Amino acid sequence: MIHAVLIFNTHGKPRLSKFFTPLPPLVQQSLISQIFSLISDRPAGVCNFLDAPELVFPTPGNGSETKDGRGRREEDDTRVIYRHYATLYFVFVVNGAESELGILDLIQVFVESLDRSFENVCELDLIFHFDEVHHVLSEIIQGGLVLETNINEISACVQAASRNRKASAASSNPLIPSMLAVPGGRSGNRGGSSDGARRWLATIGV
Amino acid sequence: MFERTLQDLIRGLRAHKASSKAQEDAFIAEAMGEIREELRGKDMALKAEGVLKMCYLMMLYPIPPPPGFAFHVVEVMSSPRYHLKQLGYLAAPMAFSGDTEEVVLTVNGIKKDLMSPHIPLPPLPLTALPHLLSLSPSLSTTLHPDLLHLLTHSSPRIRKRAVLCLLPCWEAFPEGLREGFPRLRERLQDDDQGVVGATVGVVMELARRQGGKNYLPLAPELFGILTGSSNNWMLIKVVKLFAILTPLETRLVRKLLPPITSLISNTSAISLLYECVRTCIVGGMLDPDRAEGEALARVCVEKLGGYLRDEGGDQNLRYIALLAMVKIIPTHPQMVAEYQEEVMQSLDDPDVSIRMRALELVTSMVDRDNLQNIVDQLLTHLAPPESNTSDLPSAVASLTAIANQLSLTASKDPATLSTSVSLSPAYRLLLTQRLLSIIAHDTYVNVMDFEWVISVLVDVAYVSHVDIGTEVRRLVLDVVGRVRTIRSFAVGVLEKVIGDEDLRERGRDGTGEDGLIEAAVWVCGEYASELSSPLSAISSLLSPILHLSSPSLITLSLQAVAKVFAFYIAKVSSRWTAEQHEETKNLVASMKQGLKPFLTHSDIEVQERAVEICQLTSFVEADLAAHHTPPETATRNGGVEDIPELQGGFETEGEMDLVDPPYPKSLFLFQPLFTSHELNAVANKAQEAVRVPDGLDLDVDIVPGGGFDADLEIDEDEGEGSGAEKGVLDLGEGGGKGMEELRRVLREQEKRGKKKGKGRKMLGEIGSVEEREEKERRRAARKAKHKDDPYYLYDKREDDAADVDEIPIVQLDDAELGTEDVISTLTKSKSKTKSKKKATPPEFDRTGELPEGAAAAELNKRPPAPSRTASGLAGVDLINSNPVPTRGSSTRFEEYKVDENDQVEGEKGDETPMDQNEEADVPVSASQEIEVVKVKRKKKGEKKKKEKVLEG
């Protein structure tokens, strides 16, 4: 499963942190800064898998694991997989149930979905709409398991939810209007999806 | 009141980012105050905004939420407005933790939202549920029926979310799995691909957590997905899932081979291709016994090797290729060996991730031929890139020819090193650990040249700069102890090490050097006879900076000084002259001088040894002072080489009158203290193998009853007889009739307890006898297997009973212990491999024999334990529990498919054995249905039998 999804910028400022495996807040913060310092040291052109002897992913049960490298590898196959886009690092912390290359594709899906919902997403969008980022993520991953990988379906769901939000906020009637019961998002791409992502995104077939 | 939205808050934070930390903190504190106000207020919209702002702050700073935050989140969650509710559910995972009691308040609200007829509503609680369910088992129990109900919801979006919620729900409420499993199974055949994908993900995670046994019955559905789906994500998951299932059911392999092979050859997605290859490896499909297995292995290794060779190409592929090759090594080492060059190149990769993988792979690739190569290359990584041999301390530079060769290779390829590999201390430590473990692997099975090993160990200590001292020390001592022929070489090298003041200085920082020094000090003391110059050894052992070292090193040094001194003065006695007399006097004086600072050392161990040795030296000093060398006797007896028997010193005093030796007799005071028996490597299990001497019964109390009057413990070994009398409770006397009665009852209970104890013990004995038989059988099998293997040293005798005595143990002189002198004589053969090894236990027992009784019982106990404790889910056994679930899951794997009309089908082709059917390309289902009936019939029969038993 996916333990955590993190987004931070090239200065280590977190833009999104979502832990699907519950960890104490301080451990979360230290993990983020540890991962950031390891990733930011890595030169360009190296692989997208972060593997360092210092990196110990804490499990909720016991605070820290054995320092012994060999022992750690066998019982705990946690991997840190990241991608670097412009000023942002997208980091997924996953366990052995996930395919390494598959997660790389999934990060791409996540970024493209963000791009569709923000239209040419940039760091500022993530800063000021951190709730929206969470909503997009919740359409892709739920409880650490992958919910959907089809970008069209994801953005349809995101749009449906945002329409519902708008309708609910606009209506004076506290009861939810029944029109919302209509399943939203029939290919409701908000324009620009065909040419938006394209500066730094390559389409992939997931 | 001024209302600040999330946007305002973020803008404010950014505005204060440039200013001082104090200002930023002040701003945050102000914002927190506002949030607290908003949370407490009545306006739900404001409250929701406050919750959102709090979540944002919590993400950025380690701020604890205000008290009652969770309660406010519950309020927002229960808001009827969609957009507020969504914020509430968004905040819930952040607000609730294990000790948050508010979770219980949410139950009804969540239930209502889940069951809402409005399609947009149920996804909201479902998003937050996985976190909440994992917090509260009671929530899982309550919501489980609702989740199952949602599995058949009309909207696929809700169905797939509900499926994903089942995992945490069952994790907290394992019993739910039994009821929900058939429903989960139905979802595997859902019309919507998204739902199927989610279900596969859940099954995958379940199978990983509790073992795949329960999920083997799902194989037909999964197989259908594998052949029918075109969604790569789902295919990857299914393929990975099969990697867990195939080891449990080997027949699956045959079925899976065609589709996986076609995927490997047809797919354009490298991720899927890689996972197929990995499943082939991990899932045990490359069984060399099968023809196609060998061919498939070749294909897999070639694919991986292709990734590895892809220079300048995708680094990710190189990484995962290394990852997968580690898995294939145990079965096909020779295929991977073809890519040794590429793997070694990866060790030099600038990317530390790739280096770590390559290191792991290399560790398992080592064999007799490439050991030196690989270790040498690893060593070059440890040596600082800019330095070459000349930078290394002189002791290393002046090592043997081998060491020089080694250093030369190190200096030769700075080209590979020039890529500034960032060697973090943690990586260096890992590298060094791996390097040492490669050498020591399986008791030096790959080592051809122990001189080389010693030089490598010395080099490692010099260049590693990491805290590896203990390991280096252990290896040096181990090698020197085991390999007798290496000792003189080792002493020669280590003599230089103890003379290296520079190294000592560095060693005090807790880096790798101190371990080497400690080992060197001990070796030079113990094998003082090999020293080229005992005098200089003594002076470097008692170096003026010794007092700066750790107490343990000082202790070792003092002891070593005494040993070297003992050897030296015993040696000079044979050619005793007036000059020698003077020289020895000086030596003793300087030794006493050197010992002086330690006489008042703060460490008690150091002080004791110093005083001890100093006093003994004083004795020698006095004797030397009183002794006058008779010149004529010196020439007369000079040729006599015989060193008096070890018990020289005091015991020869009686003979003093008969032959007066030309040297002071105190010269032999020291030696017997250290040389009475040789120290050898102790076999792994030697302690357990020490024979209990006749007449010693370890189970008998030395002081009966443990010295206590009223022994409450049950004395099993004494039996009912005398022990029972002794063990009786002292219940006192008197106190009237009532007390008498009470005492009688107590005594009876006591006796009963004893009997029970006895019975239990008998059972235990039976168990251990069986275990012993089993062990004997296994040992015989192992022996037969290795009989012709030259690398296993067995003695010719067949009786195992003798082998207890064969294990070399440290000889104790006390004859009462009754151990014979069986230290196996070293084979003097020149072949440099195993025969060099000293003290190889005659039985090279790799599995590590355990002592009978306790240990064996422990072994038997262990296996089921983890599966119980691993997670609550693991305790659920769908296969062995019959009642509730579908017929499919209740029986064995034979049922690939449970068909409604299987009874009819079965009557037609009952007799066809399954294996024959599977040979050909007969569709899966047909044969499976046939099999089902067979199983069922058996089951029925069993049931009948059971009923009969019940009746009878």
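If you're wondering where the values come from, they're calculated on a predicted model, not measured in any experiment.

What counts and what doesn't
- Residues numbered from 1 in each chain as written.
- Chains lettered and ligands numbered in written order.
- Predicted model: local features only at pLDDT ≥ 70, side-chain atom pairs only at ≥ 80, totals over all residues.
- Helix = DSSP H or I, 4+ residues; strand = E, 2+ residues; numbered from the N terminus.
- Buried ≥ 20, exposed ≤ 12 C-beta atoms within 10 Å, placed from the backbone.
- Contact = placed C-beta atoms within 7 Å.
- pLDDT = per-residue confidence, 0-100.
- Nonpolar A, V, L, I, M, F, W, Y, C, P; charged D, E, K, R; others polar.
- Pairing = 2+ DSSP bridges.
- Axes fitted to C-alpha atoms, helices over the stretch in contact; angles between N-to-C directions.
- Parallel < 35°, antiparallel > 145°, perpendicular 65-115°, else oblique.
- Left-handed = near helix turned anticlockwise from the far one by under 90°.

Q: Where do I start with the overall build of chain B in this structure?
A: Within chain B, the secondary structure is distributed over 46 helices and zero strands. Across the 952 residues in chain B, those meeting the buried criterion constitute 38%. Within chain B, counting contacts between residues at least 6 apart in sequence, those at least 24 apart form 71% of the total.

Q: Any chance you could explain the overall build of chain A here in plain terms?
A: Secondary structure summary: chain A contains six helices and seven strands in total. N-terminal to C-terminal, the α/β element order of chain A is β-β-α-β-α-β-β-α-α-α-β-β-α. Looking at chain A residue by residue over its 206 residues, the buried ones come to 42%. A sequence separation of at least 24 residues applies to 56% of the contacts in chain A between residues at least 6 apart.

Q: Explain the confidence of the model for chain A to me, please; I cannot follow it from the model alone.
A: In low-pLDDT segments, the atomic positions of the prediction should not be examined closely. Residue and element names in this part refer to chain A. Averaged over all residues, the pLDDT of chain A is 77; the fraction at 70 or higher stands at 74%. Looking over chain A, one finds the lowest element-wise mean pLDDT in helix 2 (residues 69-75), namely 39, and the highest in strand 6 (residues 141-142), namely 94. Across residues 61-75 the pLDDT falls below 50, and counting only partners more than four positions away or on other chains, this stretch makes 12 contacts in the model. Here residues 176-206 scores under 50 on pLDDT; set against residues more than four positions off or in separate chains, the count is 52 contacts.

Q: Would you mind going over the interface of chain B and chain A with me for this structure?
A: How big an interface is tends to be stated in terms of the accessible area lost upon association of its parts. Taken together, the 63 residues of chain B in the interface contact 55 residues of chain A. Considering only residue class, the side of chain B that touches chain A consists of 34 nonpolar, 18 polar and 11 charged.

Q: What should I look at first to understand the sheet that holds strand 3 (residues 49-50) of chain A in this one?
A: In a beta sheet, neighbouring strands are held together by backbone hydrogen bonds and run either parallel or antiparallel to one another. Residues and elements named next belong to chain A. Pairing in this open sheet of five strands is antiparallel, and the strands run 2-1-5-4-3 from one edge to the other. Strands at the two margins of the open sheet, each flanked by one partner only, are strand 2 (14-19) and strand 3. Of the strand pairs in this sheet, strand 1 (residues 2-9) and strand 5 (residues 88-94) are connected by seven bridges, and their pairing is antiparallel. Bridging from a neighbouring strand, Phe8 pairs with Tyr89 of strand 5.

Q: What is the right way to look at the packing of helix 4 (residues 69-77) of chain B against helix 5 (residues 82-95) of chain B in this model?
A: Packed helix pairs are specified by the crossing angle of their axes together with the interaxial distance, meaning the distance between the axes. Residue and element names in this part refer to chain B. The geometry of helix 4 relative to helix 5 is characterised by a closest axis approach of 7 Å and an angle of 150 degrees between their N-to-C directions. Considering their axes alone, helix 4 and helix 5 lie roughly antiparallel with respect to each other. Along this stretch, helix 4 crosses helix 5, giving a crossing that reads as left-handed. Between helix 4 and helix 5, the residues in contact are Phe69, Ala70, Val73, Val76 and Met77 and Leu84, Lys85, Leu87, Gly88, Tyr89, Ala91, Ala92 and Ala95, respectively. Across the contact of helix 4 with helix 5, the residue classes tally to 11 nonpolar, one polar and one charged.

Q: What am I meant to see in the environment of Pro551 of chain B here?
A: Here Pro551 of chain B is to be found in helix 32 (residues 551-572). The contacts of Pro551 of chain B, once residues within four sequence positions are left out, are Asp603, Glu605 and Val606 of chain B.

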